[in-house]
Amino acid sequence: MSAAAAVAAPPVAIAAPSAWKRATRSGGLAIGLVLVVAMALIALLAPWISPYDPDAQDVIMKLEPPSAEHWFGTDAFGRDVLSRVIWGSRVSLFVGTVATLAGVLIGTIIGIISGYYGGIVDKLITAATDVLLSFPQLIMGLILVAVLGPTLFNLILAITITAVPAFIRVARGSTLAMKERDFIDACRALGFGDLRIMFLHVMPNIMDEVVVMGSLWLAAAIRTESTLAFIGLGVPPPTATWGGIIREGFDNLLDAPWLSVFPSLAILAVMIALNLVGDGLRDATDPRTPQ
Amino acid sequence: MSALAAVAVVESPSSEPAAIAVDGLTTSIRIAGNWYDAVRDVSFTVSRRETLALVGESGCGKSLTALSVMGLLPAGVGRISSGRIVVDGVDMTAATEAGRQAMRGDRIGMIFQEPMTSLNPVLPVGFQIAEALIEHRGMNRRAAQKRALELMELVRIPAAGQRLDAYPHQFSGGMRQRVMIAIALACSPKVLIADEPTTALDVTIQAQVLALLADLQAREGLAVLLITHNLGVVASVADRVMVMYGGDVVESGPVKAFFRRPTHPYSEALLAAMPRVDRPSEALAPIPGQVPTLPDMPSGCRYQSRCPLRIEKCAERPPLNPLPGAPEHRVRCWVRAP
């Protein structure tokens, strides 16, 4: 009786320091998350916080340097660069986020199926993945957008297609390791079907790696979108996109460097923020990280 | 014909129909493109409330026998070449894969050696216990969770209500093995296969888990197939014992008869290699050599390469003969049971 009471005494949660605590100890993840949330808010609230209409032209005020009225200056058409950067973040973040989410979803599902079933299915999927991965991400995106035409949907589609093989590979590798674990045998011994095992038992166990990869890929997707916009394969003008603003600024780079510098800084900030998040998440989920 | 006769003899004394009957099971595994018999012509039955222990050293075919019964042989590497496995009246060997899948976890439960790794680390234990009920009984989440709580109390997990949503890492080894037992018993199976259920546990916890298993067996009327290499565990919980070597059953019989008169030279050697507290301490006698790999397995008696009693006739496979005056105690040896 007393033995049972003694066993019952310790409360349920006697866990190691939580992943959140471990991750935020170094500060990188926290800073990155704050930055990412801030960017997301700016993009979402663009209609309310941008000081001017991003497309409103004002020929008298063209190529003005940064001032109290125009913090980031104005471009060759007299449009407010700050407003354009704020509105441009919508396109960049939207394309990057949607493409990455789609890539994660499709890639993870295919990767789990590939790793779980093995055999000929795995061989075919791996071969197709290797072919897709042999193209550099940018070349791949470039070819696809050039063929399909530069619309918002095609841009997302192209970046998704470049992301999918990377996630297939990560998910497949993790699934291969997970498949050998005893609890998967235990699931089979319980008569669970392949679908239940794959998506209820394998998937949650590999999501840590997929999420880490996803945050780093989000940065890559945004960069790809900006690069494509820079070389003229982004969402067509006059819609403001970061890559597009940089490109427009290029014509006046020597006279009005702020045109290109500010959107570049915005891209840089997003890259740093997402990489901080990715590294922080990796450290938080990796048990080998020194405490 | 002869296989059927063999089943009739091995059949347990109780009058109830067997919960599991294995008849002439031969399981082959593929090594370097060739198929070798890793389990040869194994027959046994286990009735409700009965425990049959399957004993032997690593690689003797005991786990493979269990996997054959579960229908979980690795595809392309293992297959059942002949024999019949009937569980609770259902012929597993004739069933489709879907049919076998419906049997697993419902009418046959299995517990594994490693409680530390046999639970999914990212799902709460309550859900893992409830899952088989959702899958096999079509229960909704809430009803299944309620039943999971009862099962946790059944396997005597203290403060079960608070632990329903806890994760496996918050449990000790013994508690996790209790969770595994609760999962295996969730659908009230007729047959429980316990593959080295206490090997990974401390001795004191081992005793608790074995006592729990015995208690649940009596309460639920389970037929237990206990796979172990621990003869101490066999002596304390099994009703009957079957010793395997190289895929052959070399000796089978009631536990008392077996320990009173271990007859096959391999059984003798196994017992001599076991330390005992009730005897003055002396050097343990190891069995020389090791189990030959399947491609190197001698034809005829498979133990002949390590057997001190080897005679010429051992080149021919001995039958599993009953001992004189003890029809249930059967030995596969030309010298000891000609």
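Residues numbered from 1 in each chain as written. Chains lettered and ligands numbered in written order. Predicted model: local features only at pLDDT ≥ 70, side-chain atom pairs only at ≥ 80, totals over all residues. Heavy atoms only, no water.

### What to know about the packing of aromatic side chains
So the rule is basically this: A pair of aromatic rings is counted whenever rings of Phe, Tyr or Trp (Trp by its six-membered ring) have centres within 6.5 Å, and the orientation is called stacked for planes under 30 degrees apart, edge-to-face for over 60 and tilted otherwise. Strands are runs of DSSP state E lasting at least two residues, helices are runs of H or I lasting at least four, and both sets are numbered from the N terminus onward. A ring is considered to have a charge above it if a Lys NZ or an Arg CZ atom is located within 6 Å of its centre and within 35 degrees of its normal.
Here the structure, examined in full by the defined rule, presents seven aromatic pairs over all chains. Centre to centre, the rings of Tyr116 of chain A and Tyr117 of chain A are 5.3 Å apart; their planes meet at 85 degrees, and the pair counts as edge-to-face. On the basis of an interplanar angle of 80 degrees and a centroid distance of 4.9 Å, the ring pair of Tyr245 of chain B and Tyr303 of chain B is categorised as edge-to-face. Here Tyr245 of chain B is found in strand E9 (residues 240-245), whereas its partner Tyr303 of chain B is found in the loop between helix H11 (265-272) and strand E11 (321-323), with 58 residues between them in sequence. Grouping aromatic residues by their ring pairs yields a cluster made of Tyr245, Tyr266 and Tyr303 of chain B. Over the face of the ring belonging to Phe171 of chain B we find Arg163 of chain B, whose NZ or CZ atom lies 5.7 Å from the ring centre.

### A look at the interface of chain A and chain B
Often, the extent of an interface is quoted as the loss of accessible area on bringing the components together. Put simply, the rule is: Residues count as neighbours in contact if any of their non-hydrogen atoms are within 4.5 Å of one another. Buried area counts how much accessible surface, traced with a 1.4 Å probe, disappears from two parts once they are put together, with both parts' losses summed. Criterion for a salt bridge: a side-chain nitrogen of Lys or Arg within 4 Å of a carboxyl oxygen of Asp or Glu. In protein, a polar contact means a hydrogen-donor-capable atom and an acceptor-capable atom, both N or O and within 3.5 Å, with residues adjacent in sequence counting only if both atoms are side-chain atoms; elsewhere, any N or O pair within 3.5 Å suffices. Following the grouping adopted for this structure description, the nonpolar residues are Ala, Val, Leu, Ile, Met, Phe, Trp, Tyr, Cys and Pro, the charged ones are Asp, Glu, Lys and Arg, and the polar ones are all others, Gly among them.
On the side of chain B, 32 residues touch chain A, which itself brings 22 residues to the contact. For the pairing of chain A and chain B, the buried interface totals around 2100 Å² over both sides, and the portion due to carbon and sulfur atoms is 60%. In this structure, the connection of chain A to chain B is made through two salt bridges. Our enumeration of links across chain A and chain B arrives at eleven residue pairs in polar contact (both at pLDDT 80 or more). Of all the secondary structure elements, the ones that give two or more residues to the side of chain A that touches chain B are helix H1 (2-8), helix H9 (182-189) and helix H10 (194-230) of chain A. With six residues, H9 of chain A is the single largest residue contributor to the side of chain A that touches chain B. Here the side of chain A that touches chain B is built from residues that sort into 13 nonpolar, four polar and five charged.

### What about the environment of Val46 of chain B?
Residues and elements named next belong to chain B. The condition is simple: Residue burial is assigned from relative accessible area. The probe radius is 1.4 Å, only protein chains are included, and a residue is buried under 20% of its type maximum, exposed over 50%, and partly exposed in between.
Its place among the elements puts Val46 in strand E2 (residues 34-46). Taking relative accessible area as the criterion, Val46 reaches 0% and is therefore assigned buried. Taking the C-alpha atoms as reference points, Val46 and Ile129, separated by 83 residues in sequence, lie 26 Å from one another.

### Regarding helix H5 (residues 141-154) of chain B
All names here are of chain B. How we decide: Expected helix span is computed as 1.5 Å times (number of residues minus one). Starting at the helix axis, one direction is taken to each C-beta atom, and the arc is that of these directions.
In this model H5 runs 20 Å from its N-terminal to its C-terminal C-alpha over 14 residues, within 8% of the 20 Å that 1.5 Å per residue would give. Three or more residues of H5 are buried, namely Ala144, Ala148, Leu151, Met152 and Leu154. For H5, the angular spread of the buried residues around the axis is 145 degrees, confining them to a single face. In H5, the exposed residues that point more than 90 degrees away from the buried face are Arg142, Lys146 and Glu153.

### Observations regarding the pattern of salt bridges
All names here are of chain B. In the structure shown here, the tally under the stated rule is 20 salt bridges over all chains. The partner of Asp215 in a salt bridge is Arg219, and the shortest N-O contact between them spans 3.7 Å. With a gap of four residues between them, Asp215 and Arg219 both fall in helix H8 (residues 203-220), about one helical turn apart. Across the pair Arg336 and Glu268 runs a salt bridge whose closest N-O atoms are separated by 2.8 Å. A residue pair is termed long-range when its members are at least 10 positions apart, and Arg336 in the segment after strand E12 (326-331) and Glu268 in helix H11 qualify at 68 residues.

### What to know about the sheet that holds E2 of chain B
Residues and elements named next belong to chain B. Stated formally: At least two bridges found by DSSP between two strands is the condition for calling them paired. The angle between two axes is taken between their N-to-C directions and runs from 0 to 180 degrees, where each axis is a line fitted to C-alpha atoms and a helix contributes only its stretch in contact.
Reading across the sheet, the four strands line up as E2-E1-E4-E5 and stay open at both edges, with antiparallel pairing between neighbours. Strand pairing shows two members of the sheet lacking a second neighbour, E2 and strand E5 (90-91), which therefore form its edges. Bridge analysis of strand E1 (residues 20-31) against E2 gives nine bridges, and the strand direction is antiparallel. When the sheet's bridge partners are listed, Ile31 is paired in E2 with Asn34. Contacts between helix H2 (residues 62-70) and the sheet are confined to E1, E2 and strand E4 (78-87), with E1 contributing the most and set at about 110 degrees to the helix.

### Comments concerning the pairing of E1 of chain B
Residues and elements named next belong to chain B. Linking two consecutive strands that pair antiparallel, namely E1 and E2, is a turn of two residues; a positive phi of about 50 degrees is found at Ala32 within it. Sheet topology note: the E1/E4 ladder contains eight bridges and is antiparallel. Across the sheet, residue Ile29 finds its bridge partner in E4, namely Gly78.

### Observations concerning the packing of helix H5 (residues 81-117) of chain A against helix H6 (residues 119-134) of chain A
Residues and elements named next belong to chain A. The criterion, for reference: Our angle categories are set so that under 35 degrees counts as roughly parallel, over 145 as roughly antiparallel, 65 to 115 as roughly perpendicular, and the remainder as oblique. The handedness criterion is simple: a crossing whose near helix is rotated anticlockwise from the far helix by less than a right angle is left-handed, and one whose near helix is rotated clockwise is right-handed.
One can describe the packing of H5 onto H6 by two numbers: an axis separation of 7 Å at closest approach and a directional angle of 140 degrees. Of the possible angle classes, the one that applies to H5 and H6 is oblique. The two elements H5 and H6 cross, and the hand of that crossing is left-handed. Every residue of H6 that contacts H5 at Ile110, Ile113, Ser114, Gly115 and Tyr117 is listed here: Gly119, Val121, Asp122, Ile125 and Thr126. Here the residues of the contact of H5 with H6 sort into five nonpolar, four polar and one charged.

Scope: geometric values only; no functional claims are made or implied.
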